[in-house]
Amino acid sequence: MECLSFSPLLSPPSLSFSSSTKTPFLVALTSASTRSKTSTPKRSSKFTKTLSPTTPTTTSLPPKKVLVPIGHGTEEMEAVILVDVLRRAGANVVVASVEPQLEIEASSRTRLVADTSISTCSDEIFDLIALPGGMPGAARLRDCEILRKITSKHAEEKRPYGAICAAPAVTLQPWGLVKRKQMTCHPAFMDKIPTFRAIKSNLQVSGELTTSRGPGTAFEFALALVDQLFGESIAREIGEILLMRTTDDNYKREEFNGVEWSVDNRPHVLVPVANGSEEIEVVTVVDILRRAKVDVVVASVEKSLQILASRGIKLIADKSIENAAESIYDLIILPGGVAGSERLHKSKVLKKILKEQGSAGRMYGAICSSPTILHRQGLLKGKRATAHPSVVSNLTNEVVEGARVVIDGKLITSKGLATAIEFSLAIVGKLFSHERAKSVAEGLVFEYPKS
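Just so we're clear, the structure is a prediction, and the values are computed from it rather than from any experiment.

1. Comments concerning the nonpolar core
V85, L86, F219, I238, I412 and L425 are the most contacted members of the largest nonpolar core, which totals 83 residues. Looking at this core, the element that brings in the most residues is helix α5 (residues 218-230), giving 9 residues. Residues in contact with I412, not counting those within four places in the same chain, are W261, I333, Y364, G365, A366, V405, V406, I407, F423, A426 and I427. In terms of nonpolar packing, the next biggest core, distinct from the first, is built from 33 residues, L67, A166, F189 and I193 among them.

Given below as structure tokens:
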């Protein structure tokens, strides 16, 4: 596939209105630089609680430059988590389209807009190239000759590169970039890798190559790359900000006033978005619900359908909030992001939709800083909830300490960022069944509780 070019755009910097935390968690991440080139690293599962700055330590050195290519069918969770986490660490991340246009439709139909075309990257030198998976996204990357040349030269110069999900087997292997490397990939593609090279681990570091398994391991993958670029201390700080799980709150979900979330037909869910919405939360909720066969509508409260999320990712909504208001939804989910939450709160149309949702006794929920929207509109009255640590003190209702996801009747709330997967799977479990949620989790390569 020949990759065409349109006008290049600069990779946007980390934006000041992204959400932050005052009481984050510390992820115990083993430094990738200290691992054996062919050893199988153990999955990070032990975390300790600590206080930390909300932004990583910065230096006067030029920012590390990272290339994240995308195409039609790219797995949106993997791409967005990579970009978000690396930008939080201070990297200058360039999202490049391998398609003739900058806009791509990802594997679960999320529409993303790249910063530039891959052809503008031919003469650039990157500190890291990270390939998201997804099908046919990984094949679209494989068939892009420009990307192949860029990545091959990068690997020859012994610079770090990584791939997740289908990309190790579908993209890197045909390019000959996994020779004498041990690697992992999505379970569905393990048979494409020679047995003596395949490692069944969530994360595998082999020399300059780092590989991982799927959307459910994308945070570990991204943090391992942060470790390689910036060091263990920065990776730890970012792990805190992301609210990575600790041994104390592992799968900590609380439910009160249990009721069935019964719907007559295919569940119809509204996800409103705004400039400054947290992209990890938007994309994770939409991706996972669509995997579960939920009818999800992403609606922009802005004048444009395209929104600029908190870490500079450009997303295109399905419709405007005005058009979305013409329908009735079984569930409304508000994503977080400090600036995004404020803009959602200011939308008169959304305010009316939420009021009607509550009055009709239908389901609604929020994650990260957005439970404050529900609070200000009186939709948390008499309810138990949780929210991002930086805003949870603003809630006057009963806050459930320690829980990552809280369900109270027809309300669901969550802390944010790394809890978005658990939050989304909890919604799937309530709308359908635990078995459906477990099945979706398996596809994500995410460990889900047995009961």
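Next comes the rest of the write-up.
2. Some points on the sheet that holds strand β7 (residues 116-117)
Pairing is mixed in the open sheet, where 7 strands are placed in the order β7-β4-β3-β8-β9-β11-β10. Two strands in the sheet have a free side with no partner beyond their single neighbour: β7 and β10 (203-206). When β10 meets strand β11 (residues 209-212), the two strands line up antiparallel, connected through 4 bridges. Within β11, the position partnered with V205 by the bridge is T210. Along the sheet, helix α1 (residues 76-88) contacts β3 (65-70), β4 (92-97), β8 (128-131) and β9 (161-164); its crossing angle with β4, the most-contacted strand, is approximately 155°. Sheet contacts for helix α3 (residues 145-156): β3, β8 and β9; angle to β8, the most-contacted strand, approximately 130°.

3. Looking at the packing of aromatic side chains
Two measures describe an aromatic ring pair: the distance that separates the ring centres and the angle between the ring planes. This structure, assessed with the given rule, holds 0 aromatic pairs. The ring of F432 has R436 lying over it, and the distance from NZ or CZ to the ring centre is 4.0 Å.

4. Quick notes on the confidence of the model for the chain
In this model, the chain carries a mean pLDDT of 88, and residues with pLDDT of at least 70 account for 86%. The low-confidence segment residues 4-55, where pLDDT is below 50, has 150 contacts with residues more than four positions distant or belonging to other chains.

5. What to know about the pairing of strand β23 (residues 411-414)
Both faces of the sheet carry side chains from a regular strand, because those side chains alternate between them. Residues L411 and T413 line one face of β23 and the alternating positions I412 and S414 line the opposite face, and both faces are buried. Note that strand β19 (residues 363-367) and β23 share 4 bridges and pair parallel. What sits directly across from G365, in β23, is I412. Across 4 bridges, the pairing between strand β22 (residues 405-408) and β23 is antiparallel. Within β23, the position partnered with V406 by the bridge is T413. The antiparallel hairpin formed by β22 and β23 contains 2 residues in its connecting segment, where G409 sits at a positive phi of about 65°.

6. Here we look at helix α10 (residues 348-359)
Residue pairs three or four apart in sequence face the same way in an α-helix, which turns once every 3.6 residues. An ideal rise of 1.5 Å per residue puts 16 Å on 12 residues; α10 measures up with 17 Å between its terminal C-alpha atoms. Within the span of α10, buried status applies to L350, I353, L354 and Q357. Seen along its axis, α10 keeps its buried residues to an arc of 95°; they face one direction. Turned more than 90 degrees away from the buried face of α10, the exposed residues are K348, K352, K355 and S359. On its buried side, α10 packs onto β13 (268-273), α8 (321-324), β18 (331-334), α9 (338-345), β19 and α11 (371-376). Looking one or two residues past α10, G361 carries a phi angle of roughly 75°, positive in sign.

Here is what the cut-offs are and how they apply
- Residues numbered from 1 in each chain as written.
- Predicted model: local features only at pLDDT ≥ 70, side-chain atom pairs only at ≥ 80, totals over all residues.
- Heavy atoms only, no water.
- Core = buried A, V, L, I, M, F, W, Y, C linked by side-chain atoms within 4.5 Å.
- Buried < 20%, exposed > 50% of the residue type's maximum accessible area, 1.4 Å probe, protein only.
- Helix = DSSP H or I, 4+ residues; strand = E, 2+ residues; numbered from the N terminus.
- Contact = heavy atoms within 4.5 Å.
- Pairing = 2+ DSSP bridges.
- Axes fitted to C-alpha atoms, helices over the stretch in contact; angles between N-to-C directions.
- Phe/Tyr/Trp six-rings, centres within 6.5 Å; stacked < 30°, edge-to-face > 60°.
- Lys NZ or Arg CZ within 6 Å of the ring centre and 35° of its normal.
- pLDDT = per-residue confidence, 0-100.
- Expected span 1.5 Å × (residues − 1).
- Arc of directions from axis to C-beta.

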